[in-house]
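Close look at the chain arrangement
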Amino acid sequence: MNILGINAYHGNASAAILCDGKLIAAVEEERFNRVKYAAGFPAAAIRYCLQTAGITLGEVDHVAVPRNPYARLGTKLFYALRMPSFARERAKVLAKFTGIPEALAATFRIAPEKLSAKFHRIEHHIAHLASAFYCSPFNEAALLSADGLGDFASSMWGAGFGRRMKIHGSIAFPHSLGLYYSAVTQYLGFLKFGDEYKVMGLGAYGEPEFLPEFREILHSNGTRFRLGLEYFTHHRTGPEMSWAEADKTPVLGKMYSDAMPKKLGPVRAPEAPIEQRHRNLASSLQTRLEEVYLGMLRRLHEETDLKSVCLAGGVAFNCVANGKILASTGFENVYVHPAAGDAGLAVGAAQFVWHQLLGRPRAFVMEHAYWGPEFSGEEIRSAVNISRLAENGCAVSEMPEQQLLQKTAAIIADGKILGWFQGRAEWGPRALGNRSIVADPRRPEMKEILNQRIKHREIFRPFAPSILAEKTGEWFAQSHPSPFMTMAYAVKPEKRDRIPAPTHVDGTGRLQTVTSTANPRYWKLISEFARQTGVPVVLNTSFNDNEPIVCQPQEAIDCFQRTQMDALVLGDFLITRS
């Protein structure tokens, strides 16, 4: 049985395909159209999923869409009467959602009536919870989803047992942890969609000086929280969002009211210098989120008395908060879906149909995140030849794996910056060793070099350490697996001078634990680097330059050529600048 999941007309448009309950492929549309956080209809992602599964659209039995227009209908009608302009915009979006069968038929140039698949509308946060629980290794677990807004809810929690999920509660619009973080992110001068992670990184440079003020902006009580709505605008005007167009990055309108600068001080202009006050505001924002988020998890643990918790929703990307769960909540195990944001809805909706609606047993665990496109050796060779790298002053060699790993590790150890392109593309926003830029973690100057020379981004933003999983406890204060780079742990004090480049200013690292089974070649590369240097860690950042992570070999070559990377590994090819 084949189930196609589609996240459409929403940020991070994506598609996923389940065949007999097992995930075969999952990918975001941005990897194909090269528009960051692309919304619209994910036509290319759907084509890729069906091609990888080896099936046609006619062989799809079910289509799962993570949007239910009837969820919280009373709340929607209440706010529609208060905000007619917002209601009109939502009606336009709803019309697109109801037209998904027609868009799917148009993509494959068939008549809509010839679609044989049954369509299912799964509520937004139920799909989030399903994406985490049904991908996890846990037979029973507490569940929490928290983000900005979906189907007029911002959070949902419950418990999963076997193939069933039970919902215990939810929080509806206008109260939202995601909108809280986004509004303050804008107030601090970071206006682009998805900039929240920048402010999370900035917070490590400050102190929570404004925590009392933030406790008035965000109130909490156990699993419940509410916004001080006088500091926001979305409940009066509706959240201004542009979701529908596939060729444009989504845009959010202003979300904070004039009461926020009256409370916290002047708004920072986007190009203005970052002062210590801004760092302290970011720290206060993050600290208050952690108080509420971890408080919800503590109460959830008390209510369920379960050892494990599964997390999804955009707030679950807050690795700083996630890294404190085991020490602060009573839970012993944590699973965060690698595409915890809205891209993951495609997987979750499909899995909900398979397990909860069709009653099928569980037979899949997402142990790795490599579900995107891959390219053969012949395709890579063709891209190398077409690019005429040798004619442009590059040395190009194809070599056996062991020789490749030895040379590559030596290049990294010599302080060079390396592009690393292997296997299938990662699912989710993190580069996890298949579409990565890799560098020496021992060099304190490497962070500044990468930010200025390669990534062209803010100097305060940290990089990630990829570590051999079996060595985690020797280098970090915690050893719980973090395969998808969703946890930040404290680096042991005696190790910080040995890996200064990916160690953040607060002494933590947003680590990726790498196993020989999940990514054999990347594990071998880190092992070879450890053999040569004594350090089982490499610095890892996404293979891109202010664009979606590279997907195809030619995109990797283009990024290598226009930046100041020193070397590039494409499959079995090693390319170095002469």
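Fair warning: this is a prediction, and the values are worked out from it, not measured in the lab. (Residues numbered from 1 in each chain as written. Predicted model: local features only at pLDDT ≥ 70, side-chain atom pairs only at ≥ 80, totals over all residues. Heavy atoms only, no water.)

1. Quick notes on the overall build of the chain
- On a plain count of helices and strands, the chain comes out with 21 helices and 23 strands.
- Taken over the C-alpha trace, the chain has a radius of gyration of 23 Å; the compact-globule value for 578 residues is 25 Å, and the two agree within 12%.
- With respect to the principal axes defined by its C-alpha atoms, the chain has extents near 65 × 60 × 45 Å.
- Relative to its 578 residues, the chain shows a buried fraction of 61%.
- In the chain, of all internal contacts separated by at least 6 residues, the share reaching a separation of at least 24 is 73%. (Helix = DSSP H or I, 4+ residues; strand = E, 2+ residues; numbered from the N terminus. Rg over C-alpha atoms; globule rule 2.2 N^0.38 Å. Buried < 20%, exposed > 50% of the residue type's maximum accessible area, 1.4 Å probe, protein only. Contact = heavy atoms within 4.5 Å.)

2. Here's the deal with the packing of aromatic side chains
- All told, the structure shown has 12 aromatic pairs when counted by the stated rule.
- Aromatic pair Y180 and F214: ring centres 6.4 Å apart, planes at 85°, arrangement edge-to-face. With a gap of 34 residues between them, Y180 in helix α7 (residues 177-187) and F214 in helix α9 (residues 211-217) connect regions that are remote in the sequence.
- Among the residues examined, Y180 registers a relative accessible area of 0% and is labelled buried.
- Ring centres of F375 and F421 lie 6.4 Å apart, and the angle between their planes is 40°; this geometry places the pair in the tilted category. Separated by 46 residues along the polypeptide, F375 in the loop between α15 (345-357) and α16 (377-387) and F421 in strand β16 (residues 418-421) bring together distant segments of the chain. (Phe/Tyr/Trp six-rings, centres within 6.5 Å; stacked < 30°, edge-to-face > 60°.)

3. Structural notes on α15
- α15 sits mainly inside the fold: 12 of its 13 residues count as buried.
- All of the buried residues along α15 are L345, A346, V347, G348, A349, A350, Q351, F352, V353, W354, H355 and Q356.
- Of the residues flanking the end of α15, it is G359, one or two places downstream, whose phi is positive at about 70°.

4. Describing the packing of α7 against helix α12 (residues 276-304)
- Close contact between α7 and α12 brings their axes to 11 Å; oriented N to C, the two are set at 180°. Taken together, the axes of α7 and α12 are roughly antiparallel relative to one another. Mapping the contact onto sequence places L177, Y180, Y181, V184 and Y187 in α7 and R277, L281, S284, L285, Q286, R288, L289, V292 and M296 in α12.
- Residues of the contact of α7 with α12, tallied by class, amount to 10 nonpolar, two polar and two charged. (Axes fitted to C-alpha atoms, helices over the stretch in contact; angles between N-to-C directions. Parallel < 35°, antiparallel > 145°, perpendicular 65-115°, else oblique. Nonpolar A, V, L, I, M, F, W, Y, C, P; charged D, E, K, R; others polar.)

5. Remarks on the sheet that holds strand β20 (residues 508-514)
- Here nine strands make up an open sheet; going across it, the order is β15-β23-β22-β16-β17-β21-β18-β20-β19 and the pairing mixed. The sheet terminates laterally at β15 (394-398) and β19 (487-490), the two strands that pair on one side only. Between one strand axis and the next, the sheet turns by 35° as a mean value, whatever way the strands run.
- Note: strand β22 (residues 567-570) against strand β23 (residues 573-577), four bridges, orientation antiparallel. (Pairing = 2+ DSSP bridges.)

6. Considerations on the pattern of salt bridges
- Counted by the stated rule, this structure contains 26 salt bridges.
- A salt bridge links E555 to R34, with the shortest nitrogen-to-oxygen separation between them at 3.6 Å. With E555 in helix α21 (residues 553-562) and R34 in the loop between α1 (30-33) and α2 (43-53), this pair connects stretches of sequence that are 521 residues apart.
- For R34, a relative accessible area of 23% translates into the label partly exposed.
- With a closest N to O distance of 3.0 Å, R521 and D572 form a salt bridge. On the criterion of sequence distance, the pair formed by R521 in helix α20 (residues 520-533) and D572 in the loop between β22 and β23 is long-range, its members being 51 residues apart. (Salt bridge = Lys/Arg side-chain N within 4 Å of Asp/Glu carboxyl O.)

7. Notes on the side chain of Q186
- Relative to the helices and strands, Q186 resides in helix α7.
- Ignoring any residue separated from it by four or fewer positions in sequence, one finds Q186 in contact with L191, L252, G253, K254, M255 and Y256.

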